[in-house]
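Notes for the structure review
As a plain string of letters, each chain reads:
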Amino acid sequence: MFRRKRSSKATLTAGSKAAGTADAAGDGNDGGYNAGIAVFSYIIGGIIVWSLIGWGLDNLWGTRWIVLLGALLGAAGGFYLSHMHGLTSQRSSSGESNADSGPSKDGDSNAK
């Protein structure tokens with residue numbers, strides 16, 4: 001027969017606290033990844049949708065260049081949408097704003 005291991009309540013509580021801490025720490029680090037996937041999806045989705053529209057118009061009108069125009073329009077539209085949703089903004093990895101980083105290092109200071 002198989003023997004079951006008994007675990008104490010303290011071990012389970014400590015394990016769940018450690019898992020909760022790891023989950024909380026991981027939540028702040030995946031924002032850039034999720035934004036990148038969203039930008040990628042907008043751009044690829046725009047290319048696919050507008051290329052299909054261009055392909056349909058090419059077949060309807062007997063041309064061969066509208067599909068390429070549709071792909072370019074879809075890429076530009078996908079980037080525009082991701083920019084309007086705030087997904088292409090530049091963020092620091094430590095979560096601090098640009099004001100927290102101190103004065104600029106370009107040597108152009110207005111201090112007297």
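Residues numbered from 1 in each chain as written. Predicted model: local features only at pLDDT ≥ 70, side-chain atom pairs only at ≥ 80, totals over all residues. Heavy atoms only, no water.

**Notes on the overall build of the protein chain**
- Summing up its helical and strand segments, the protein chain has 3 helices and 0 strands in all.
- Secondary structure of the protein chain in N-to-C order comes out as α-α-α.
- When burial is assessed residue by residue, the protein chain has 11% of its 112 residues classed as buried.
- Entry remark: accessible area of the protein chain is about 9700 Å², with carbon and sulfur atoms responsible for 61%. (Helix = DSSP H or I, 4+ residues; strand = E, 2+ residues; numbered from the N terminus. Buried < 20%, exposed > 50% of the residue type's maximum accessible area, 1.4 Å probe, protein only. Areas by Shrake-Rupley, 256 points an atom, 1.4 Å probe, with all protein chains shown as cover.)

**So, the confidence of the model for the protein chain**
- Per-residue pLDDT for the protein chain has a mean of 75; in total, 54% of the residues score no lower than 70.
- For the protein chain, helix 1 (residues 9-27) is the element with the lowest average pLDDT, namely 48, and helix 3 (residues 66-84) is the one with the highest, namely 95.
- Below a pLDDT of 50 lies the segment residues 10-26, which in the model reaches 1 contact outside its immediate sequence neighbourhood of four places, other chains included. (pLDDT = per-residue confidence, 0-100. Contact = heavy atoms within 4.5 Å.)

**Quick look at the environment of T63**
- With respect to the element layout, T63 can be found in the loop between helix 2 (31-61) and helix 3.
- On the basis of relative accessible area, T63 is assigned to the partly exposed category, the value being 24%.
- Dropping the residues within four chain positions of it, T63 is found in contact with L57 and D58.
- Of the polar contacts made by the side chain of T63, one reaches the side chain of D58; its length is 2.6 Å. (Polar contact = N/O pair within 3.5 Å; in protein donor to acceptor, adjacent residues only side chain to side chain.)

**Considerations on helix 2**
- Between its terminal C-alpha atoms helix 2 stretches 44 Å, which fits the 45 Å expected from 31 residues at 1.5 Å a residue.
- In the core, the buried residues of helix 2 are packed alongside helix 3.
- Positive backbone phi, at 75°, marks G62, one or two positions downstream of helix 2. (Expected span 1.5 Å × (residues − 1).)

**A look at the environment of G45**
- Assignment of secondary structure puts G45 in helix 2.
- Using a relative accessible area of 29% as the deciding quantity, one classes G45 as partly exposed.
- Between the C-alpha atoms of G45 and G77, which are 32 residues apart in sequence, the distance is 9.8 Å.

**What to know about a nonpolar patch on the surface**
- Together, F40, I44, I48, L52 and W55 make up a nonpolar patch on the protein surface, roughly 540 Å² of accessible area in all.
- Looking at the element boundaries, I48 is found in helix 2. (Patch = residues over 30% accessible without salt bridge, like charges linked within 9 Å, V, L, I, M, F, W, Y side chains within 5 Å. Salt bridge = Lys/Arg side-chain N within 4 Å of Asp/Glu carboxyl O.)

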